[in-house]
Each structure stands twice: as C-alpha cells, then as structure tokens.
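Examining the three-dimensional arrangement
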Amino acid sequence: MLILRQPGARRRARQLPRMRSDKTMTTVYLLHFDRPIGTTGKGAAQHYLGSTENLKRRLHRHRTGYSGSCIVRAFHALGIGFVVARTWEDPDRSRERNMKRNHHIGRACPICREIARNNR
Ligand SMILES: [Zn+2]
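Presented here is a report on the structure given in the accompanying data block. (Residues numbered from 1 in each chain as written. Predicted model: local features only at pLDDT ≥ 70, side-chain atom pairs only at ≥ 80, totals over all residues.)

Some details on the overall build of the protein
Secondary structure assignment for the protein yields five helices and three strands. Listed N to C, the secondary structure of the protein is α-β-β-α-α-β-α-α in terms of helices and strands. Looking at the protein as a whole, 12% of its 120 residues are labelled buried. Nonlocal contacts in the protein, meaning residues at least 24 apart in sequence, comprise 66% of its contacts between residues at least 6 apart. (Helix = DSSP H or I, 4+ residues; strand = E, 2+ residues; numbered from the N terminus. Buried ≥ 20, exposed ≤ 12 C-beta atoms within 10 Å, placed from the backbone. Contact = placed C-beta atoms within 7 Å.)

Description of the environment of V28
With respect to the helices and strands, V28 occurs in strand β1 (residues 27–37). A tally of 21 C-beta atoms within 10 Å means that V28 is categorised as buried. Between the alpha carbons of V28 and L49 there is a distance of 7.1 Å; along the sequence they are 21 residues apart. Residues contacting V28, with those up to four places away along its chain left out, are L49, S51, T87, W88, D90, R95 and E96.

A closer look at unusual backbone geometry
If you check the backbone angles, R93 has positive phi at about 60 degrees while not being a glycine. Within the fold, R93 resides in the loop between β3 (82–89) and α4 (94–102). For R93, a count of 12 C-beta atoms within 10 Å translates into the label exposed.

Thoughts on the environment of G106
In this fold, G106 is placed in the loop between α4 and α5 (110–119). Owing to 17 C-beta atoms within 10 Å, G106 belongs among the partly exposed residues under this scheme. Along the primary structure G106 and Q46 are separated by 60 residues, whereas in three dimensions their C-alpha atoms are 8.2 Å apart. Contacts of G106, omitting those with residues within four sequence positions, involve H47 and C112.

What to know about the sheet that holds β1
Ordered in space as β2-β1-β3, the three strands form an open sheet in which the pairing is antiparallel. Looking along the sheet, the strands with just one partner apiece sit at the ends: β2 (45–52) and β3. Strand-to-strand twist in this sheet, taken as the mean axis angle between neighbours without regard to direction, amounts to 20 degrees. Inspection of the sheet shows β1 paired to β2 by seven bridges, in the antiparallel sense. Counted as the bridge partner of Y29 is G50 from β2. Sitting on the sheet, α4 is in contact with β1, β2 and β3, with an inclination near 155 degrees to β2. (Pairing = 2+ DSSP bridges. Axes fitted to C-alpha atoms, helices over the stretch in contact; angles between N-to-C directions.)

Here it is, written out as structure tokens:
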C-alpha cells in the first residue's frame, strides 16, 4: 500500500511544542531519609521513589504518616525524617519504571553523591 504524505507534514509536526496538560503532569520524587533502616550496607533502605500528580499533598501525607507506601510509613513510625532530594517531571512514568528496574535510586540521589564525594 502506498502511503501518501503531505510534503512538509513531518517537519511541521516536529516543530510543534509538546502538548502538556497540567492536570495529568506526573512528578517523580526521590525521598532521602535521615538514616537508613533494615540491614546495614548495600541492602539498607534509605530512599523512596514515588510519583504523584500532587506533590504537595503527597509529601504532607508522607510527613504525617498517612501514606500508601509501606516503607515510608515504617520510616515515619521510627521517627526518621526525610528530605526531597530530587524531583523530575515524568509524564509517562517511564523514568520511575526505569529507575526502579535498574536500582539506580541511590545513584540518582544528590545528597548521597555529595556524602560519597566528601568521604573519598
Ligand atoms: Zn540519598
């Protein structure tokens, strides 16, 4: 089958700005906890990677212990605070999936990178 393209259609499409809707904008956020829990060393958990369409509300839930995440509740129960190390806009959540799959969470944390640099 012969597909006819309008001349210049492809170029025009590329020049269009990407459509963004604030309503569905997903933010991926990385929480760095003040100290790790669990086993010491590499298996220790000190981060949480989540995504939300309302970061302010989600962080409030994490801080008050009302959180859908088991690990964040565990930190909260131990009185361990956290800081938001980093956020990304992630419209299709591909970054979140990738980072979780590849266990890049600690490496993506600017706080841990800074600590590692100072310990060198
Ligand atoms: Zn960290």
